[in-house]
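# Topology and contacts: notes
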Amino acid sequence: MTEKKLFEIGQRPQEIALPVSGSEPLDRRRLPFTRRHLLKWRSRLNPKTLKQERLLADKKPLWWTIALALLALSAPFLSNSALTIVSIFCIFSAINVLWTLIIGTAGIFSLATLAVVGIGGYCGAALNVYLGLPWPLMFLAGGIAGFVAGGLLALPSTRLDGLYYALLTMGVAEICRVFVQQLKPLTPYNGSINSVQGFIPKDWMLQRPGLLIGFAGAFVLLLLALLTFRIVNSERLGMLLQTAREDEDFAQASGIDYRKARMQVFCISSAGLGVIGAFYAQFYGSISPAIFSLDQLMLLFAMIVIGGLGRAEGAVIGTAIVVLIDKGLLEIGPLRILLVAAIMLLVTLWTDNGIAGAREQFRRWRRRKQSEARARRTEKGGDVMPEEAIEIHDKQAIYYRRFDKRLRDHLKTLITSELIEEHRLNPLGQHSDGLSRVLNYFRRGDVADKYAIIRQSGQFHAYKIVAFSGVRGAPPRLVDDKTYDGINEAYHAVFLLRLNDLMES
Amino acid sequence: MDLSILLVHGLSLAAIYGLMAIGISLLWSSIGMINMAHGASFAVAGYAAWGAAEVAKPLILATLGKTLSGTIAMAGVCLSAGALSGAIMGGLIYLLAFLPIHDKPNFAVRSLIVTLAINMATVQTLLWVFGPKQKNLPKIFGMGRIEFLGLSARYDQLGTIIGTTVILGLLLFWLKVSRKGLEIRAMMQNPEGAVLSAISVRWTALPVTMLTGALAGLASVLLSQTIFVSPTSGAVPLIKGLTIALLGGLGSVPGAVAGAVIIGFLEAIIGALPFLGQRYVLFGTFLFIIAVLIIRPRGIGGLLDKARK
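Just so we're clear, the structure is a prediction, and the values are computed from it rather than from any experiment. (Residues numbered from 1 in each chain as written. Chains lettered and ligands numbered in written order. Predicted model: local features only at pLDDT ≥ 70, side-chain atom pairs only at ≥ 80, totals over all residues. Heavy atoms only, no water.)

A count of helical and extended segments in chain A gives 18 helices and five strands. Computed over the C-alpha atoms, the radius of gyration of chain A is 39 Å, more than 25% above the 23 Å expected from 2.2 N^0.38 for a compact globule of 505 residues. Along the longest, intermediate and shortest principal axes, the C-alpha atoms of chain A span 125 × 90 × 50 Å. Among the 505 residues that make up chain A, the fraction classed as buried is 41%. For chain A, long-range pairs separated by at least 24 residues make up 62% of all intrachain contacts whose partners lie at least 6 apart in sequence. As presented, chain A carries roughly 29,200 Å² of accessible surface, and 60% of it is formed by carbon and sulfur atoms. (Helix = DSSP H or I, 4+ residues; strand = E, 2+ residues; numbered from the N terminus. Rg over C-alpha atoms; globule rule 2.2 N^0.38 Å. Buried < 20%, exposed > 50% of the residue type's maximum accessible area, 1.4 Å probe, protein only. Contact = heavy atoms within 4.5 Å. Areas by Shrake-Rupley, 256 points an atom, 1.4 Å probe, with all protein chains shown as cover.)

Structure below.
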């Protein structure tokens, strides 16, 4: 039998604490080999039911999955022309997603996106047509070409900023176009390279199966672009750059080499763009200098502007809108560019960051309106606001103050010159309903600052008005020096003072 | 190769590019806006001048005939129609791209996007209304050549050079002496300081946008003496003006003039060289500008620190 061990007060080795399961994660499963969860589940304790609940903190992955699945599943049921439009949408979305990586994540205002795509496409196509490179290696060739072009383009971006760099890249696009058109041995047919082999077999080109394969390829391309965006933007590189975006000096001071990170992002996305270029050449079976044209670039810019700069969903939504208008409404002619311009104008005038940012903007606006309403409500006159109510433990006091406020508001409406005249004629005695109510309210008031009549000692019918201090031992104070010659007059003076206080409360 | 032709050609190109570049540069330095719709102003002014000339031609022929005064009247009609429509476009740009957004965050990028949208919309509207067919303006300076001090120049080239010099001189004089010009210069030097000295941003921006629009309009009428008016005719002058404004350093008027002269002569020389020719003009100028920008990241006349933040 062990004897019970006694501890000195305050020396107990372990307190017994029941586990509080409030915010412990319910689901700890992670993606294998990573520290990521598939969905962002959060656990929280519901204070009303005292039960632990599971909350999906970020619903974006669900929307992405639904949208992409709908796109993939609906493709086989689309008509041939619709299938082409959807494929083009996928290709342009992939380009825009990678461009967003450059403009948004890296923060380099580059307009050479299509130029890099074109360089990749031309390299792949030329190698395939003239040297007989098999088509799967075209992607590699395009990627390497894009990487090299991106590296060359990225060099001046440390020295030039903003607009100057944008102009330079625009110049590069122009130079590429002229170069390609003039290089006769490479491009004998007015700058374009035709009959490129690709993942779509020759016989199926522009046939239903060919279109389906083309769509499948474009869809996979979009998925890969989104994956690249996810890996670059929300992992280490993107995090580094996010710091630099907010404050470059701070980022540098904390040891972040944001310039290097920018270069890396630029090169990665340029390699991706090169791959897309090779895909583009295979998809159409040819590539022409039109890819370097300014109009095409402006249309692409319109896409990411409408969707919202710096967001993957913005790039995709903007592309969907513009491609639908540009390719889907061919019969309305030049009007469709007008429509795109109008949408661009409206989006820029009304939203802060495109359509993808509209939801957040609406929430900000609603929060602002709510806080404005709250600020308006502080003109309260004794009422208790919900914010301060949580600090008052005696809830009776809250209700009393609310009741008092309403009572005063009501009494204020009763006070008229007839009522005052009635009181002056007859301070004591039978009163009308309104005057009785007002006087009853006055009689119930706090002792602090309550008025009283004091008779001047040694004089008959000479009265002054005092106000109680409300503190035991502290004498009342004289309200003013006026002396009243009759008690009724004094009663009425007190009444007027109280009325004044009521009206001002 | 005739050196005199080269000189005159280079000068006339420099004059037109200078008009465009100074408009862009002025707008950037005074209100911080890159006007991508400058090309649209250019095209609209070209069409307006064409329309005015079509209307006025029978009237002038009937009253004045083919005399010198008739030519002058025609020139006046064309130039004033171009300048007026350019100014109206400037007012439109002010209403759409400045007034609603100038106090919102990220104004520079926003206004760039809005003016780009205006540009796209205008070009498409012109294409829709007038069709892709090119129009040509009447030769307001007449046809012919003049020999002067051993130089040979076409009338239109000479007119362009002299006209631009006069216009730019008037503009700089106006900026120098007038009250509004003082306000604009104050805005260029220090926007916050200007606002604190009770200079209204809105009432300074309106004349600046209209003025730069009018400059684009004049450039359009002058350039349309050598090329045709078409819906997309604004694109090349816009790009040229923009690149020259950047080459000269955004916001620097002397820089813009220097850039225009350099690029004008560069184009004339590249176009005249036998082994390069016209098709390499854009190529060469871009290569040159890129080289300059890499050596001097803020252009020829731009300061190295942030001139406008």
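All names here are of chain B. Summarising the element assignment, Gln157 is placed in helix 5 (residues 155-177). By relative accessible area, Gln157 is classed as buried at 9%. Among all residues touching Gln157, those that are not within four sequence positions of it are Val8, His9 and Ser12.

Let us now look at a positive patch on the surface. A contiguous patch of positive charge on the surface is contributed by A:Lys59, A:Arg359, A:Arg363 and A:Arg366. Along the chain, the position of A:Arg363 falls in helix 13 (residues 358-377). (Patch = residues over 30% accessible without salt bridge, like charges linked within 9 Å, V, L, I, M, F, W, Y side chains within 5 Å. Salt bridge = Lys/Arg side-chain N within 4 Å of Asp/Glu carboxyl O. Lys, Arg positive; Asp, Glu negative; His and termini not counted. Charge placed at Lys NZ, Arg CZ, Asp CG, Glu CD.)

Here we come to the sheet that holds strand 4 (residues 463-467) of chain A. Residue and element names in this part refer to chain A. Read from one edge to the other, the open sheet built from three strands follows the order 3-4-5, with strand pairing classed as antiparallel. Looking along the sheet, the strands with just one partner apiece sit at the ends: strand 3 (451-455) and strand 5 (477-478). Packing of helix 18 (residues 487-504) onto the sheet brings it into contact with strand 3 and strand 4, and relative to strand 3 it is tilted by some 155 degrees. (Pairing = 2+ DSSP bridges. Axes fitted to C-alpha atoms, helices over the stretch in contact; angles between N-to-C directions.)

We now examine the packing of helix 1 (residues 3-31) of chain B against helix 10 (residues 253-272) of chain B. Residue and element names in this part refer to chain B. The interhelical angle for the contact between helix 1 and helix 10, taken along N-to-C directions, is 145 degrees, at an axis separation of 7 Å. Where helix 1 crosses over helix 10, the handedness of that crossing is right-handed. Here helix 1 contributes Leu6, Leu7, His9, Gly10, Leu11, Leu13, Ala14, Tyr17, Gly18, Ala21, Ile22 and Leu26 to the contact with helix 10, which in turn contributes Val253, Ala256, Val257, Ala260, Val261, Ile263, Gly264, Phe265, Glu267, Ala268, Ile269 and Ala272. Tallied by class, residues from the contact of helix 1 with helix 10 come to 19 nonpolar, four polar and one charged. (Left-handed = near helix turned anticlockwise from the far one by under 90°. Nonpolar A, V, L, I, M, F, W, Y, C, P; charged D, E, K, R; others polar.)

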